[in-house]
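Single-letter residue listing:
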Amino acid sequence: MAGFIGFHLARYLNARGDFVIGLDNFNTYYDVTLKKKRAQLLQEEGMELLTADIRDRDLLQLALLRHSITHVVHLAAQAGVRHSLYEPDDYVASNLHGFVSVLEACRKVPSLKLIYASSSSVYGLNRKIPFSVEDKTDSPTNLYGATKKANEAIAHAYHHLYGLFVTGLRYFTVYGPWGRPDMAYFRFTEAIAKGETIQVFNHGKMRRDFTYIDDIVRGTAAAIDLGAPCEIFNLGNHRPIELLYLIEWIEKALGKKARKEFLPLQPGETLETCADIEVSRKILNFFPSVPLEEGMSHFINWYTQNS
Ligand SMILES: NC(=O)c1ccc[n+]([C@@H]2O[C@H](COP(=O)([O-])OP(=O)(O)OC[C@H]3O[C@@H](n4cnc5c(N)ncnc54)[C@H](O)[C@@H]3O)[C@@H](O)[C@H]2O)c1
């Protein structure tokens with residue numbers, strides 16, 4: 001819950017009157033100070049946050065029972081595509097071992113509903129645009145995407161075996177204030193602001209379906225409220241943006257020119273992502289409404305006030 005999406009979701013749920021309790025292991029994948037600041041704000045707003053690893057199954061189960069938890073939103077994972085090339089074991093630990101640990105704890109609590117984060121990365125080599133939940137996802141291009149694909153398969157098995165209600169949300173490039181410093185929009189902003197060189201892969205000819213955090217929070221809350229038996233939804237913006245356009249936009253917003261180093265496509269990267277959100281519109285009433293320019297303005301304001 002000290003993570004980017006968990007932080008925003010927790011504030012939203014708490015503000016609407018839900019009882020929210022969170023857990024995070026505060027790992028050092030990116031700046032822990034940022035995670036601690038998010039956690040502090042959540043605590044100031046009255047939420048409890050346990051410092052623990054999701055692999056601690058006994059602790060998880062105790063917390064679920066002690067607080068009569070009805071819904072678990074499982075967002076704790078090792079994210080990032082590039083990191084998976086160098087530290088594969090982090091993905092096995094959190095996204096596979098950790099994921100099963102969460103499911104094992106959840107299945108023992110009657111009528112509990114699990115909502116978990118999947119990713120657009122499951123689409124891997126899928127060439128069909130936009131990516132539909134009906135499309136095949138058998139060709140991941142990196143270990144991160146492969147673990148998310150495995151999560152969906154494991155969740156299905158737990159639904160089949162134990163009747164656990166499971167909803168997977170395939171998030172598409174989520175951005176916004178309090179965001180993740182490892183993501184391109186954050187790295188570009190930071191480097192341009194400091195006059196440092198940015199690395200632009202594939203000459204910037206990559207398109208990402210950037211989705212603003214408030215839209216993601218609304219879609220996730222809708223999935224919680226639906227509590228479907230076994231579903232997967234795309235949560236994306238359906239408006240892919242080219243990275244070069246994003247860079248130009250940041251340059252204008254900061255009033256500074258980027259120093260660019262053009263590099264080839266990184267192994268494991270996809271050229272384009274775009275979510276087909278027809279099903280999410282119909283079932284979750286999911287209508288993302290924040291254009292990139294507006295969302296990035298919120299991010300840049302937050303960044304300039306906090307750096
Ligand atoms: N942000 C995106 O664009 C995006 C896109 C697709 C999918 N997702 C998925 O959404 C979820 C949330 O992403 P985010 O952007 O908020 O990432 P994040 O890294 O900010 O948040 C994840 C949090 O989980 C914690 N964590 C990791 N491993 C843990 C473990 N073993 N035990 C306890 N805590 C652990 C981390 O400390 C971190 O605070 C992740 O599952 C991610 O894979 C995110």
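Refer to the structure printed above.
All of these numbers come straight from a predicted model, not from anything done at the bench. (Residues numbered from 1 in each chain as written. Predicted model: local features only at pLDDT ≥ 70, side-chain atom pairs only at ≥ 80, totals over all residues.)

(A) Examining the overall build of the protein more closely. Scanning the protein from N- to C-terminus turns up eleven helices and twelve strands. Scaling as 2.2 N^0.38, a compact globule of 307 residues should have a C-alpha radius of gyration of about 19 Å, and the protein matches this with 19 Å. Across its three principal directions, the C-alpha atoms of the protein cover 55 × 45 × 40 Å. When burial is assessed residue by residue, the protein has 41% of its 307 residues classed as buried. Looking at the protein alone, contacts between residues at least 24 apart form 80% of all its contacts between residues at least 6 apart. (Helix = DSSP H or I, 4+ residues; strand = E, 2+ residues; numbered from the N terminus. Rg over C-alpha atoms; globule rule 2.2 N^0.38 Å. Buried ≥ 20, exposed ≤ 12 C-beta atoms within 10 Å, placed from the backbone. Contact = placed C-beta atoms within 7 Å.)

(B) Representation of the packing of helix H7 (residues 184-194) against helix H9 (residues 243-254) within the structure. Interaxial distance between H7 and H9 falls to 10 Å at its minimum, and their mutual angle equals 40°. By the angle class used here, H7 and H9 are oblique. For the pair H7 and H9, the sense of crossing is right-handed. Residues Ala-184, Tyr-185, Phe-188, Thr-189, Ile-192 and Ala-193 of H7 form the contact with H9, whose own contacting residues are Leu-243, Leu-246, Ile-247, Ile-250, Glu-251 and Leu-254. For the contact of H7 with H9, the residue count by class is ten nonpolar, one polar and one charged. (Axes fitted to C-alpha atoms, helices over the stretch in contact; angles between N-to-C directions. Parallel < 35°, antiparallel > 145°, perpendicular 65-115°, else oblique. Left-handed = near helix turned anticlockwise from the far one by under 90°. Nonpolar A, V, L, I, M, F, W, Y, C, P; charged D, E, K, R; others polar.)

(C) Layout of the site of the ligand. Taken together, the neighbourhood of the ligand is formed by 26 residues, with Gly-3, Asn-25, Ala-77, Ala-117 and Tyr-171 sitting nearest. Contributing elements (two or more residues each) for the shell around the ligand: helix H1 (4-15), helix H5 (88-107) and strand E4 (113-119). (Near = placed C-beta within 6 Å.)

(D) Region of interest: the sheet that holds E4. Strand order in the open sheet formed by four strands is E3-E4-E5-E10, with parallel pairing between adjacent strands. In this open sheet, the two strands that pair with only one neighbour each are strand E3 (71-74) and strand E10 (230-235). This sheet shows a mean twist of 20° between the axes of neighbouring strands, independent of strand direction. One ladder, built from four bridges, connects E3 with E4; its direction is parallel. Bridge pairing in E4 places Val-73 opposite Ile-115. Of the strands in this sheet, E3, E4, strand E5 (165-171) and E10 are in contact with helix H8 (residues 213-226), which crosses E5 at around 165°. (Pairing = 2+ DSSP bridges.)

(E) Quick look at the environment of Glu-87. With respect to the element layout, Glu-87 can be found in the loop between helix H4 (83-86) and H5. When the C-alpha positions of Glu-87 and Leu-143 are compared, they lie 9.9 Å apart, and in sequence the two are 56 residues distant.

(F) Structural detail: helix H2 (residues 32-44). Compared with an ideal rise of 1.5 Å per residue, which puts 13 residues at 18 Å, H2 spans 18 Å between its outermost C-alpha atoms and is within 8% of the ideal. For H2, the complete set of buried residues consists of Lys-35, Arg-38, Ala-39 and Leu-42. Buried residues along H2 cover an arc of 100° about the axis, so they all sit on one side. Exposed side chains of H2 directed beyond 90 degrees from the buried face belong to Thr-33, Gln-40 and Glu-44. On the buried face of H2, the contacting elements are H1, strand E1 (21-24) and strand E2 (48-51). (Expected span 1.5 Å × (residues − 1). Arc of directions from axis to C-beta.)

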